[in-house]
Amino acid sequence: ALAIWHQLTKSEIPELAKASVLMRDRSRVEDTIQAMQRAGPDALQVISDFDMTLSRFAHNGKRCPTTHNILDNDLLINDACKKMIRELLNTYYPIEIDATRTVEEKLPHMVEWWTSVHELLIQQKIRRDLLAQAVKQSSAMLREGYKVFFDQLQEQQVPLLIFSAGLGDILEEVIRQNHVFHPNVHVISNYMDFDQSGVLRAFKGQLIHTFNKREGALLHAAHFRELQERPNVLLLGDSLGDLTMADGVAHTQHALTIGFLNDQVEERKESYVNSYDIVLVKDETMDVPNAILNYIT
Ligand code: TMP
Ligand code: MG
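These figures come from a predicted structure and were not determined experimentally.

A. Layout of the overall build of the protein chain. The number of helices and strands found in the protein chain is 12 helices and 11 strands. Dimensions of the protein chain, computed from the C-alpha atoms along their principal axes, are close to 65 × 40 × 35 Å. Burial statistics for the protein chain: of 297 residues in total, 54% are counted as buried. Look at the contacts in the protein chain between residues 6 or more apart in sequence, and 72% of them connect residues 24 or more apart. Total accessible area computed for the protein chain in this model is approximately 13700 Å², and 50% of it derives from carbon and sulfur atoms.

B. Highlighting the pattern of salt bridges. For the coordinates displayed, the defined rule picks out 18 salt bridges. In this structure, the salt-bridge partner of Lys147 is Asp151, at a minimum N-O distance of 3.2 Å. Taken as a pair, Lys147 and Asp151 lie in helix H7 (residues 146-155) at a separation of 4 residues, close to a single helical turn. One salt bridge connects Arg176 with Glu173, and the closest N-O pair in it is separated by 2.6 Å. Here Arg176 pairs with Glu173, and both are found in helix H8 (residues 168-177), just 3 residues apart, close to one helical turn.

C. Structural context of the coordination of the magnesium ion (ligand 2). All of the protein donors around the magnesium ion (ligand 2) are Asp49 (OD), Asp51 (O) and Asp238 (OD); their distances to the metal are 2.1 to 2.2 Å. Counting the intervening residues between successive donors of the magnesium ion (ligand 2) yields the motif D-x1-D-x186-D. With Asp51 in the loop between strand S2 (44-48) and strand S3 (58-59) and Asp238 in the loop between strand S9 (232-237) and strand S10 (254-261), this residue pair connects regions lying 187 residues apart in the sequence. The same class applies to Asp51 as to Asp238, namely buried.

D. Looking closely at the sheet that holds strand S5 (residues 160-167). Reading across the sheet, the 7 strands line up as S1-S11-S10-S9-S2-S5-S6 and stay open at both edges, with mixed pairing between neighbours. The sheet is open, and its two edges are formed by strand S1 (21-23) and strand S6 (185-190), each paired on a single side. For this sheet the average axis-to-axis angle between neighbouring strands, irrespective of direction, equals 20 degrees. Set on the sheet, helix H12 (residues 287-296) makes contact with S1, S2, S9, S10 and strand S11 (278-281); between it and S10 the angle comes to about 160 degrees.

E. Local environment of helix H2 (residues 26-39). With 14 residues, H2 extends 20 Å from end C-alpha to end C-alpha; this agrees with the ideal 20 Å at 1.5 Å per step. The complete set of buried residues in H2 reads Val29, Glu30, Thr32, Ile33, Gln34, Ala35 and Met36. At the C-terminal side of H2, Gly40 shows a positive phi close to 80 degrees.

F. Quick look at unusual backbone geometry. At Met52, a residue that is not glycine, the phi angle is positive and equals roughly 70 degrees. Along the polypeptide, Met52 turns up in the loop between S2 and S3. Using a relative accessible area of 6% as the deciding quantity, one classes Met52 as buried. We note that Lys282 has phi near 45 degrees; this positive angle belongs to a residue other than glycine. On the secondary structure map, Lys282 appears in the loop between S11 and H12.

G. Fine view of the site of ligand 1. Taken together, 15 residues lie around ligand 1, and Asp49, Thr66, Glu96, Ser164 and Ala165 are the ones closest in. For ligand 1, an oxygen atom lies 2.8 Å from a polar atom in the side chain of Asp49. Those elements that place two or more of their residues in the shell around ligand 1 are helix H3 (67-70), helix H4 (79-96), helix H5 (103-123) and S5. Across the shell around ligand 1, the residue classes tally to 6 nonpolar, 5 polar and 4 charged.

H. Up close: the packing of aromatic side chains. If you walk through the whole model with that rule in mind, you get 4 aromatic pairs. Relative to Trp113, the ring of Tyr92 lies with its centre 6.1 Å away and its plane at 15 degrees, an arrangement referred to as stacked. Within this pair, whereas Tyr92 is found in helix H4, its partner Trp113 is found in helix H5, the two being separated by 21 residues in sequence. Overall, Trp113 belongs to the buried group, its relative accessible area being 11%. Relative to Trp114, the ring of Trp113 lies with its centre 5.0 Å away and its plane at 70 degrees, an arrangement referred to as edge-to-face. Accessibility expressed as a relative area gives 8% for Trp114, which makes it buried. Put simply, the rings of Tyr92, Trp113 and Trp114 touch in pairs and so form one group of aromatic residues. Lying across the ring of Phe260, Arg143 places its NZ or CZ 3.8 Å from the centre.

Here is what the cut-offs are and how they apply
- Residues numbered from 1 in each chain as written.
- Chains lettered and ligands numbered in written order.
- Predicted model: local features only at pLDDT ≥ 70, side-chain atom pairs only at ≥ 80, totals over all residues.
- Heavy atoms only, no water.
- Helix = DSSP H or I, 4+ residues; strand = E, 2+ residues; numbered from the N terminus.
- Buried < 20%, exposed > 50% of the residue type's maximum accessible area, 1.4 Å probe, protein only.
- Contact = heavy atoms within 4.5 Å.
- Areas by Shrake-Rupley, 256 points an atom, 1.4 Å probe, with all protein chains shown as cover.
- Salt bridge = Lys/Arg side-chain N within 4 Å of Asp/Glu carboxyl O.
- Donors = N, O, S within 2.8 Å, 3.2 Å for Na, K, Ca; no water.
- Pairing = 2+ DSSP bridges.
- Axes fitted to C-alpha atoms, helices over the stretch in contact; angles between N-to-C directions.
- Expected span 1.5 Å × (residues − 1).
- Near = heavy atom within 4 Å.
- Polar contact = N/O pair within 3.5 Å; in protein donor to acceptor, adjacent residues only side chain to side chain.
- Nonpolar A, V, L, I, M, F, W, Y, C, P; charged D, E, K, R; others polar.
- Phe/Tyr/Trp six-rings, centres within 6.5 Å; stacked < 30°, edge-to-face > 60°.
- Lys NZ or Arg CZ within 6 Å of the ring centre and 35° of its normal.

Geometric values such as these leave the question of function open.
This is the structure we're talking about:
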């Protein structure tokens, strides 16, 4: 019976049979998808990271920018600042993805990285009215199939929480310019605080970095309370820290986690397979999440 069960989902969701899809426990994944399908779209909520999860890691062999890196533009910051932000990236990104360090070891470095970059941005007196233009001029791209992903969730009225340690103002602009900032989208992120003349003066609220999303989730209890009649969670991320984004959901019934493994594949494969239910290796598309959503909604 088990073999037939596997066969069934395989024929319904052939995307899961691709070589780039890794699963620690395929039958658990299939059982969860079946259970979510029986409960239907009314019981579902989707929680997704933004940078390198909804947005692309690379395109034609070139890295795509994160929301922070979109600000690397003459319109907004000077050359000296650009250089410092790049140096910080070269210092701290390798720490963020280092498979040999624990989250506890990484934490202080992440706080240092974000704090330093945000201070530099404030010094540059960034103007709000130039952000849209900077996004337009950037090479930021959402993953292939993004439109089906966003549109499908909107049509089925499934809430999508985008939970990002990037910059909220920028990510909103990216999804707006791609025409997918639908009413079912809610964003938790780092937002800029502008003065009356529209110049950046601070960042709002509690800082969110890659490894404190659990605390961020608990601070937004009101959002999760509104969704408490939706106990099934589909979670998408690209960092192991993203797995804590659903910690604000009080009564989870079925959860399925999908992790994009973009970089340092060999070093991190084992920990990703141990942590995410489905791991997508160097996959720049939304094909697998879209196929699963198409099946369960
Ligand atoms: P995310 O939570 O939407 O993925 O955003 C966090 C990512 O942003 C994380 O992977 C590191 C990256 N980042 C930069 O690329 N440049 C920066 O200056 C900072 C502070 C973070
Ligand atoms: Mg990310």
